[in-house]
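Fold and contact review
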Amino acid sequence: MRRLAVLTSGGDAPGMNAAIRAVVEEGLHHEIEVMGVQHGFKGLVEGEYIKLGVADVTHAIRRGGTILYSARYPEFKEEAVQKQAIKKMEENGIEGLIVIGGDGSFAGALSLTKLGFPAVGIPGTIDNDIPGTEYTIGFDSAMTAATIAIDNITDTAASHNRTFVVEVMGRNAGDIAIWAGVGTGADAIIIPEEEFFMGDIVRRVRASRQHGKDYSIIVLAEGVMGVEDFIKEYKKEAPEQSVRGVNLSHIQRGGNPTGRDRVFATLMGAKAVDLILHGQSGIYVGIIGEELAVFDIVETLEKVKHKVRDDLYELNRSLTDRY
Ligand code: ADP
Ligand code: F6P
């Protein structure tokens, strides 16, 4: 193999650049040329390819977002479009592709593998929702950003003895909500994976106030409902409370990656290159118990379901439950 390509797809995530940098450096180490594909699968089809060298990725490890840009491109589900992409890569002498993104992006990588083109995935999404791996690039940074934002909100919440409902991202997964909620000692964490009862939330908040807590934080995962709708319902049951809502939205998706995101992204980027150079394809690199792990994309996406840390969820419930 002489030339590889790398792209980022789906939502950007802090640490994607660290993975790109590792792919480039590892490629160069093996005397392989690495092409960056801009704008995900759209750029793959349209030939938005740039040669990446050390100078292009020299600051990448510490920067959020993705230097290769990302895009959502539903047209890539069509086989004719996938074949166009392969033709374009072959015309450019590209013999393998590394895809950094979520499970949708992995489906794109897999479609190329099925058509005979080598592709390997790296999990990059703040949602942490990819089956198999315990960790996805960007989750640690997003969870940390949400934690810091909730700390800031807590200053105001306590000063005014208020209840704040903070909506966090995660698409259909509650991971960011759980980690940011546990990390800030939230009174309640509401996630799509667990049923909740408004009466129970109100009871918990009232009980914690009676025991001396001077503010309340409810962390709401976006996959459950929007913060405004939640507050309308909440206020019906707790008219005595001063309640405010904040949607952290894209504030939690940008910013410099944490050290953990950088290190895991670097490990996975280098490993993805080694795997593709050894003829592997249709797989993705992930993390289990702090160690690199390799997953078959078909087997994993079809048979494994992402599981949130329900032990942490339950811990928070019991720690903050007072009668
Ligand atoms: P994520 O990768 O974060 O899950 P999306 O679900 O938006 O994000 O997928 C990102 C991109 O991957 C899509 O815009 C599309 O280009 C490609 N993609 C998603 N699903 C498929 C599929 N079933 N087949 C081929 N490509 C896909
Ligand atoms: O997948 C990452 C994510 O930030 C989700 O948490 C969120 O639901 C979605 O992307 C938002 O997408 P967009 O930036 O396209 O609005």
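Residues numbered from 1 in each chain as written. Chains lettered and ligands numbered in written order. Predicted model: local features only at pLDDT ≥ 70, side-chain atom pairs only at ≥ 80, totals over all residues. Heavy atoms only, no water.

**Quick notes on the UniProt feature "binding site: ADP" (unreviewed entry) in the protein**
Here the UniProt feature "binding site: ADP" (unreviewed entry) sits at Gly185, Ala186, Asp187, Lys213, Asp214 and Tyr215. Annotated residues spanning 31 residues; largest pairwise C-alpha distance 12.9 Å, indicating a single compact cluster. Structurally, Lys213 can be placed in the loop between α8 (198-210) and β8 (216-221). A polar side-chain atom of Lys213 sits 3.1 Å from the main-chain carbonyl oxygen of Gly185. The exposure class of Asp214 is partly exposed, given its relative accessible area of 39%. If near-sequence neighbours (up to four positions away) are discounted, Asp214 is found in contact with Ala157, Ala158, Asn161, Arg162 and Arg209. (UniProt positions renumbered as here; feature names shortened; annotations may be inferred. Helix = DSSP H or I, 4+ residues; strand = E, 2+ residues; numbered from the N terminus. Polar contact = N/O pair within 3.5 Å; in protein donor to acceptor, adjacent residues only side chain to side chain. Buried < 20%, exposed > 50% of the residue type's maximum accessible area, 1.4 Å probe, protein only. Contact = heavy atoms within 4.5 Å.)

**Regarding unusual backbone geometry**
The phi dihedral of His39 is positive, around 60°, even though this residue is not glycine. Exposure remark for His39: the relative accessible area of 27% places this residue in the partly exposed category. For Asn161, which is not glycine, the phi torsion reads 50° and is therefore positive.

**Overview of the environment of Gly282**
In this fold, Gly282 is placed in the loop between α10 (259-277) and β10 (283-288). Judged by relative accessible area, which is 7%, Gly282 ranks as buried. Sequence separation between Gly282 and Ala107 is 175 residues; the distance between their C-alpha atoms is 9.5 Å. Setting aside its immediate chain neighbours within four residues, Gly282 contacts Leu110, Thr113, Ala119, Phe295, Asp296 and Ile297.

**Observations concerning the nonpolar core**
Among the nonpolar cores identified, the biggest contains 59 residues, and Val6, Ile98 and Ile217 are the most heavily contacted of them. At eight residues, helix α6 (residues 139-159) tops the list of elements feeding residues into this core. Lining this core are residues from two domains, each supplying at least three of them: domain 1 (3-138 + 257-302) and domain 2 (140-254). In this structure Val6 touches Ile20, Val23, Val34, Met35, Gly36, Val37, Leu52, Leu68, Leu97, Ile98 and Ile100, once residues within four positions along its chain are discounted. (Core = buried A, V, L, I, M, F, W, Y, C linked by side-chain atoms within 4.5 Å. Domains from an automatic or database assignment.)

**Looking at the site of ligand 1**
The environment of ligand 1 is made up of 15 residues, and the closest members are Arg72, Tyr73, Gly102, Gly104 and Ser105. Note that an oxygen atom of ligand 1 is positioned 2.9 Å from one of the backbone N or O atoms of Gly102. In this structure, an oxygen atom belonging to ligand 1 sits 3.3 Å away from a side-chain N or O atom of Arg171. A total of 550 Å² of accessible area belongs to ligand 1 in isolation, and the protein chains cover 83% of it. If one sorts the elements of the shell around ligand 1 by residue count, helix α5 (residues 103-114) sits on top with five residues. In terms of residue class, the shell around ligand 1 is made up of five nonpolar, six polar and four charged. (Near = heavy atom within 4 Å. Areas by Shrake-Rupley, 256 points an atom, 1.4 Å probe, with all protein chains shown as cover. Nonpolar A, V, L, I, M, F, W, Y, C, P; charged D, E, K, R; others polar.)

**So, the site of ligand 2**
Ligand 2 sits among Arg72, Thr125, Ile126, Asp127, Met169, Gly170, Arg171, Glu222, His250 and Arg253. Residue His250 places a side-chain N or O atom 2.7 Å away from an oxygen atom belonging to ligand 2. Taking 400 Å² as the accessible area of ligand 2 by itself, protein coverage stands at 74%. Looking at the shell around ligand 2, its residues break down into two nonpolar, three polar and five charged. A domain split of the shell around ligand 2 shows at least three residues from each of domain 1 (3-138 + 257-302) and domain 2 (140-254).

**A word on the domain arrangement of the protein**
Buried accessible area, meaning the area lost when the parts come together, often serves as the stated size of an interface. When its domains are assigned, the protein resolves into domain 1 (3-138 + 257-302) and domain 2 (140-254). The centre of domain 1, based on its C-alpha atoms, is set 34 Å off from the matching centre of domain 2. Between domain 1 and domain 2, the contact holds 12 residues from the first and 13 residues from the second. Both sides of the domain 1 and domain 2 interface together cover about 1100 Å² of buried area, and 48% of this is carbon and sulfur. In terms of surface lost to domain 2, no three residues of domain 1 exceed Ile126, Asp127 and Thr258, which account for 43% of the buried area on that side. Put simply, domain 1 and domain 2 have two salt bridges between them. Where domain 1 packs against domain 2, one counts nine residue pairs in polar contact (both at pLDDT 80 or more). Class assignment for the residues of the side of domain 1 that touches domain 2 results in three nonpolar, four polar and five charged. (Buried area = accessible area lost by both parts, 1.4 Å probe. Salt bridge = Lys/Arg side-chain N within 4 Å of Asp/Glu carboxyl O.)

**Focus on the packing of helix α1 (residues 16-29) against α10**
What describes two packed helices is the angle between their axes and the distance between those same axes. At a closest axis distance of 7 Å, the pairing of α1 and α10 adopts a crossing angle of 40°. Taken together, the axis directions place α1 and α10 in an arrangement best described as oblique. Where α1 crosses over α10, the handedness of that crossing is right-handed. Of the residues in α10, those in contact with Ala18, Ala19, Arg21, Ala22, Val23, Glu26 and Gly27 of α1 are Arg262, Ala265, Thr266, Gly269, Ala270, Val273 and Asp274. (Axes fitted to C-alpha atoms, helices over the stretch in contact; angles between N-to-C directions. Parallel < 35°, antiparallel > 145°, perpendicular 65-115°, else oblique. Left-handed = near helix turned anticlockwise from the far one by under 90°.)

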